[in-house]
Structure formats: structure tokens, C-alpha cells
Amino acid sequence: MYQFELTEEQTAIRDTARAFARDVIIPVAGELDEHGTFPRDICAKAFDLGLMNVEVPEEYGGLGLGAFEHAIICEELSYGCVGVATTISANNLAATPIFLAGNHEQKKQYLGGLTGALSFASYATSEPDAGSDVAGLRCRYERKGDTFVLNGSKQWITNGGHADFIVIFATRDAATRHKGISAFIIPKGTPGLSIGKKENKMGQRCSNTTAIHLEDCAIPAANLLGAEGDGFKLAMATFDRTRPDIAAFGLGIMRRSIDESVKYAKERKTFGVPIAQHQAIQFIIADMAIAYEAGHLLTYKAATLLDRDQPSAMLSAYAKCFCADNAMRVATDAVQVFGGNGYVKEYPVEKLMRDAKLLQIYEGTSQVQRMVIAKRLLA
Ligand SMILES: Cc1cc2nc3c(=O)[nH]c(=O)nc-3n(C[C@H](O)[C@H](O)[C@H](O)COP(=O)(O)OP(=O)(O)OC[C@H]3O[C@@H](n4cnc5c(N)ncnc54)[C@H](O)[C@@H]3O)c2cc1C
């Protein structure tokens, strides 16, 4: 049985996040986008309201909410600005491998750190020459006594410039591909860790994306996350849990695109009538709504399976791929409904289109999602 109606608690969570998007995010989203300003103040308010780190177990200071509730929050925040939603949920991306593989001390220190005071974290698999092919990463580690020493570079790391710790994946021997990869927690300020260039992006401009450099970066052996050599499995298990969040970002973009399009179509007149009376516009809007509803079913199903402790790589990939591709299409259609006004920054839909594109790229491109699905179907 899958859930179609929200419980009272879930409705309250949704209403809180919805009001937050309306009152706190939307009024400043354009400004943040224009200047690429990191939304620290907004995150501080989200933190105080209990909208950050929500899946961290209560034992470590979090709310212990499920993937379903997190998906609800992700949709609402991204309705306001998906750059803000990405900033907030990058903490969840970094917390997930610790939640999955960390020992009690690591959970206490790092998950407890996230919930104790406003702070940020990053998760880093991608490199300049290894994005889709995670098993091909080349950032190296070697054991020296009681330490691990890391060398290499990471690329495209969300929250990189603001992270208090980074979960980094590195290999002891790149030739062994997935078998050689391990995960490490590297705290900010560790000698040898430096933050590289901040990217000037097309969309989600307020989210911070940087390179990370590691030069003889030595960390205590206690910062190894999970067993040595299990890093690739951990990275994949993490994505299975976090891809529904990206799907939910797509839902937020789709619902905002629909709301803006409906409002505009009723106001804008051509040939003496509101464009809402032209069937061509009606059909565009109807198709947007179909995609949104179908995306909801996939996202809720993927999240429900996670909450039942039955993570499904397939379902998470279905949801992420469908919602990312459709968010891109729906936002592009919203620009079409707005005509010339859709192409300028006075109206919100051009930002939705720019922001949506990233959903098809990060946490596995839409092609990678199809690879995950096809591999299992054809096995
Ligand atoms: C703004 C932003 C934020 C990000 N945040 C993070 C982060 O926090 N942490 C992190 O680790 N990474 C992050 N990423 C990296 C992101 O996950 C990668 O960009 C993504 O996985 C794609 O890798 P790539 O850019 O190297 O593209 P490539 O792997 O070079 O792919 C290029 C193209 O080829 C296609 N392709 C590749 N291989 C195949 C194949 N076998 N079959 C068919 N098509 C294929 C891809 O789909 C893509 O279209 C972020 C990226 C961006 C842009």
C-alpha cells in the first residue's frame, strides 16, 4: 500500500515549508540568483524552524524524520528556489554516508555537529576527469601509520566553500576501480585541504559550487568511514537514498511552473481573449500537470520504500530521471507560455528553466539514471 494522503504531521511540515518558501525564500530568490549570493541567512532561518538536517536521528540531535517527509520539504523549498533547496539538502547528502556507515563516535561528532548549530557539509565523489564514472576517480589515499594521506582534486562540490566537513571518496589504486575506493571525513581546516575556484553557474546560482584540492592531506585513521574498500558501495547506497530528494526538487519546479503559467495565461490577452482560452496553451498546461502528478507518484513510492528500509536503486532512478527530465520540459514550457516575457528576468520562469537544468546533471545525469535502470532490467 502506498500513501496518497498526507498525515496530519506531514501536512503541518508541508505547510511550514510552504510558508517559508513563500515568505522567506521567494522575496529574495531573484536577488540571490543575480549576485550568486550564498543563502546563509535563509539557511539560518530554516535551521531555526527545523527544516534542515531533518533526517538526522533524534539521538544525534535531529528530528529523525523519514525520506517521505524530507521529500515534502524538498518540494516546498525548491518551489521557492531550488538553489536554496540544494544548499540545504547538500547537508543531507553528506550526512547520509555517515548515517549508513559511520560508527557512534563519528555520528555523534559530525551528525551532532550539523544539528547543534548552523553548519554546512559537502559530499565529494566528482573530479575533473571522473563524474559519471565514479569508479574511475583518481584522488589517491595511502595509509601512513595512524593516518591516511590524501592527494588529488575534487570538482563541482556543493557547499565546498562553506563546509565544516567534507565526505571525500578516494582510491588506494585507481587501476582497481570500484574495489579500491574508500570514504573519509575531512574536517575544515585540515592542513593540505584547500578550496578551489567558485563556479559561476547558469542556474542555482546561490548554491555554492567549488573545487577541492588535497595535497598531502593527513587525517587520523579514525576518519575512515565504513570499511576500507567499501567506498564505492557506500557512494551508490547514498545516491539510492538521496535521488528522491532531487526528484522532489523537480516537483517543486514543476508546481511553480504550473502556478505561474496558470496565473499568466489568465491575465495575458492575445487576439482579444486571455491566452488561457487558446487550446494550444491549455494543452501545454495540462501536460505540465500530468507530469507533476506522475512525478509525485514515483517520488512518493521511492521515498516510501526508503522509509520501509527497502531502498530501491531502480525506483530512486525512475523518480530522479522522470522528475528531472520533466522539470526541464515543464519549465521550458512555462517560458513558452510567457512568450517574450518568459525570456526576461522581470518574470520568474526563466530562472526556473535555468535552475531545472542542473537536476538532469548532478547526483547522476539522466543518462546515468537510465544506465542504472537498464542494467537491472537487462541483467
Ligand atoms: C552545480 C553542480 C553541483 C554538483 N554538486 C556535486 C557534489 O556536491 N558532489 C559531487 O561529488 N558532485 C557534484 N556534481 C558533479 C555531478 O555529479 C557531475 O557533473 C555529474 O555526475 C556528471 O559528471 P561529469 O560532469 O563529469 O560529466 P561526464 O561524466 O563527463 O558526462 C558527460 C556527458 O556524457 C554522458 N555520459 C557519460 N558516460 C556515459 C555513458 N556510459 N553512457 C551514456 N552517456 C554517458 C553524461 O550523461 C553527460 O551527458 C555537481 C555538478 C554540478 C554542475
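Remember, it's a predicted structure, so these values are computed and weren't measured experimentally.

Caption draft 1: Seen up close, the site of the ligand. Around the ligand lies a shell of 18 residues, among which Ser126, Ser132, Trp156, Thr365 and Gln367 are the nearest. The side chain of Thr158 places a nitrogen or oxygen atom 2.8 Å from a nitrogen atom of the ligand. In the model, an oxygen atom of the ligand is placed 2.6 Å from a nitrogen or oxygen of the Thr365 side chain. Isolated, the ligand exposes 980 Å² of accessible area, and the fraction of that covered by the protein chains is 65%.

Caption draft 2: The arrangement of helix 3 (residues 67-80) in detail. Helix length check: helix 3 (14 residues) gives 20 Å between terminal C-alpha atoms against 20 Å at 1.5 Å per residue, within 8%. With 14 of its 14 residues buried, helix 3 lies for the most part within the structure.

Caption draft 3: Fine view of the domain arrangement of the protein chain. Split into domains, the protein chain comes out as domain 1 (8-119), domain 2 (121-229) and domain 3 (232-378). Look at where the C-alpha atoms of domain 1 and domain 2 centre, and you get two points 22 Å apart. Contacts between domain 1 and domain 2 engage 27 residues on the former and 22 residues on the latter. By the criterion of area lost to domain 2, the three top residues of domain 1 are Phe38, Gln106 and Tyr110, representing 27% of everything that side buries. Here domain 1 and domain 2 share zero salt bridges between them. Where domain 1 packs against domain 2, one counts nine residue pairs in polar contact (both at pLDDT 80 or more). Broken down by element, the side of domain 1 that touches domain 2 gets its largest block of residues, 12 residues, from helix 4 (residues 82-101).

Caption draft 4: Structural view of the pairing of strand 4 (residues 163-171). For strand 4, the buried fraction is high: eight of the nine residues fall into the buried class. Direction of pairing for strand 1 (residues 120-124) relative to strand 4: parallel, over a ladder of five bridges. Residue pairing across strands places Ala124 opposite Ile168, the latter belonging to strand 4. In this sheet, strand 5 (residues 181-187) lies alongside strand 4 in antiparallel orientation, the contact comprising seven bridges. Its bridge partner lying in strand 5, Val167 is registered against Ile185.

Caption draft 5: How the structure looks around the side chain of Arg243. Inspection of the secondary structure puts Arg243 in helix 6 (residues 231-267). Among buried Asp, Glu, Lys and Arg side chains, Arg243 stands out as unpaired, with Asp240 the closest opposite charge at 4.6 Å. Of note is the side chain of Arg243, whose polar atom sits 2.8 Å from the backbone oxygen of Glu363. The contacts of Arg243, once residues within four sequence positions are left out, are Ser316, Lys320, Glu363, Gly364, Val368, Gln369 and Val372.

Caption draft 6: Spatial organisation of the packing of helix 1 (residues 8-35) against helix 2 (residues 40-49). Two numbers describe how helix 1 lies on helix 2: the axes approach to 11 Å, and their chain directions differ by 175°. One element, helix 1, and the other, helix 2, form an angle in the roughly antiparallel class. Contacts from Thr16, Phe20, Val24, Ile25, Val28 and Leu32 of helix 1 reach helix 2 at Ile42, Lys45, Ala46 and Leu49. Of the residues in the contact of helix 1 with helix 2, the class split is eight nonpolar, one polar and one charged.

Each value, and the rule that gives it
- Residues numbered from 1 in each chain as written.
- Predicted model: local features only at pLDDT ≥ 70, side-chain atom pairs only at ≥ 80, totals over all residues.
- Heavy atoms only, no water.
- Near = heavy atom within 4 Å.
- Polar contact = N/O pair within 3.5 Å; in protein donor to acceptor, adjacent residues only side chain to side chain.
- Areas by Shrake-Rupley, 256 points an atom, 1.4 Å probe, with all protein chains shown as cover.
- Helix = DSSP H or I, 4+ residues; strand = E, 2+ residues; numbered from the N terminus.
- Expected span 1.5 Å × (residues − 1).
- Buried < 20%, exposed > 50% of the residue type's maximum accessible area, 1.4 Å probe, protein only.
- Domains from an automatic or database assignment.
- Contact = heavy atoms within 4.5 Å.
- Buried area = accessible area lost by both parts, 1.4 Å probe.
- Salt bridge = Lys/Arg side-chain N within 4 Å of Asp/Glu carboxyl O.
- Pairing = 2+ DSSP bridges.
- Lys, Arg positive; Asp, Glu negative; His and termini not counted.
- Axes fitted to C-alpha atoms, helices over the stretch in contact; angles between N-to-C directions.
- Parallel < 35°, antiparallel > 145°, perpendicular 65-115°, else oblique.
- Nonpolar A, V, L, I, M, F, W, Y, C, P; charged D, E, K, R; others polar.

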